[in-house]
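Notes for the structure review
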Amino acid sequence: MSKRMSEREQLSLFRALPHDGMALRDAQDLMAYPFFSLAKSPRIVPIRFEAGGISLTVEGVPEHGIATIWDADVLIWAASQIIQAKKEGIPPSRLMVATPYEILRFAQRGTGRSDYLALRAALDRLQSTTVATTLRQRERPNGGKRVHRFSWINEWKEYIRPDGRSDGIELILADWFFTGVMEEALVLTLDPTYFRLSGGIERWLYRLVRKHGGRQPNGWRFEMRHLYLKSGALQRSRDFAAHVRGLALRQALPGYRLSIERSGGIEWLAFHPRIDNCPKTDLSTSRVDRDLSTASVEEPVDFMGTGSVDHRRATRVITGANIGESPAQNGPQPASSNGFGPP
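In what follows, the accompanying structure is described.

Analysis parameters
Residues numbered from 1 in each chain as written. Predicted model: local features only at pLDDT ≥ 70, side-chain atom pairs only at ≥ 80, totals over all residues. Heavy atoms only, no water. Phe/Tyr/Trp six-rings, centres within 6.5 Å; stacked < 30°, edge-to-face > 60°. Helix = DSSP H or I, 4+ residues; strand = E, 2+ residues; numbered from the N terminus. Buried < 20%, exposed > 50% of the residue type's maximum accessible area, 1.4 Å probe, protein only. Lys NZ or Arg CZ within 6 Å of the ring centre and 35° of its normal. Axes fitted to C-alpha atoms, helices over the stretch in contact; angles between N-to-C directions. Parallel < 35°, antiparallel > 145°, perpendicular 65-115°, else oblique. Contact = heavy atoms within 4.5 Å. Nonpolar A, V, L, I, M, F, W, Y, C, P; charged D, E, K, R; others polar. Left-handed = near helix turned anticlockwise from the far one by under 90°.

On to the packing of aromatic side chains. Applying the stated criterion across every chain yields a total of 14 aromatic pairs. Considering the side-chain rings of phenylalanine 150 and tryptophan 176, the 4.8 Å spacing of their centres and the 15° angle between planes classify their relative orientation as stacked. Within this pair, whereas phenylalanine 150 is found in strand E7 (residues 148–151), its partner tryptophan 176 is found in helix H6 (residues 175–182), the two being separated by 26 residues in sequence. Just as phenylalanine 150 is buried, tryptophan 176 falls in that class too. Three or more aromatic residues joined by ring pairs make a cluster, and in this case those are Tyr33, Phe35, Phe36, Phe49, Phe150, Trp152 and Trp176. A cation sits over an aromatic face here: arginine 136 above tryptophan 176, 4.1 Å from the ring centre. The ring of tyrosine 194 has arginine 203 sitting right over it, with the charged end atom 4.8 Å from the ring centre.

Here's what the structure looks like:
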């Protein structure tokens, strides 16, 4: 009887392409839903989310915690490689090999020992984090739902030289992730300065704004409390809102203008594509008496469920949300630098 082939033996090996001039690409699903921890300190509390008939649960192990928004840079690298390979007529594969140096340089990291250790820790978190979701799963004939459970990376290995230096990293991507990236309609480009956004909320918010805002001239907006629930963050809602107001005050997101709008006692975050060479203005305290941002968009701002969400370790759940889409590219804007989460 023949020995059963391992997953690795069934996959062709894809050697990473040179990253010079390669566009940053991200999967829209990862931009629209709270798949990652926004904190650099280890998060063990699961992320639970429900919206528009979609549910997801993200769990980590005590040793590593849930994969972070910085760890997701490895997936951005992988998505960028896959799309570039398709454009060049090269068959991509879930089995990828690259040097740590190539991954770190693509993500605009340093290449010192601490950076290599941080990359290895990121790979550990991506492998040990589990996701269970109904997203992109067909309904069953009886009306039931299918739940797909996976880890971002099925396995990874590193080749070590006799002198202790790394000679390459080989990894196998989750089929759920790979399939979504192969369908190019589910992929968006990111601003080249994205990797230099320093904060977890800052990075998450840019991806969400990029997903929903695109270049819609009338922009888009979210109710602040809904935005908080959508983030999956553990901090208190008032602290989250203060942080977002600060980002609006600093105009911290490349390619977009942020503004805080208040109407009928409700606070909203609105965002519009930034016009080139338009000077930054302080829009963080604007008060409006009319709906400025939803009339020309597919749907008004999503209705938000409420609950006991101010407790630090409470489950974050949204109901009745409608996720839009708006592919577009952004112009570069400066931002501060950072690295992967701590090893």
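We are not done yet, so read on.
Taken N-terminus to C-terminus, the directions of helix H8 (residues 224–231) and helix H9 (residues 237–250) make an angle of 105°; their axes are 10 Å apart at the nearest point. In this view, H8 runs roughly perpendicular relative to H9, as classed from their interaxial angle. Across the interface between the two elements, Met224, Arg225, Leu227, Tyr228 and Ser231 from H8 touch Ser237, Phe240, Ala241 and Val244 from H9. Among the residues forming the contact of H8 with H9, the class breakdown is 6 nonpolar, 2 polar and 1 charged.

What follows covers the packing of helix H7 (residues 200–213) against H8. Two elements in contact, H7 and H8, have axes whose closest approach is 11 Å; the angle formed by their N-to-C orientations is 110°. Taken together, the axes of H7 and H8 are roughly perpendicular relative to one another. The chirality of how H7 crosses H8 is right-handed. Counting all contacts with H7, which are made through Trp204, Leu205, Leu208 and His212, the residues of H8 involved are Leu227, Lys230 and Ser231. Partitioned by chemical class, the residues of the contact of H7 with H8 number 4 nonpolar, 2 polar and 1 charged.

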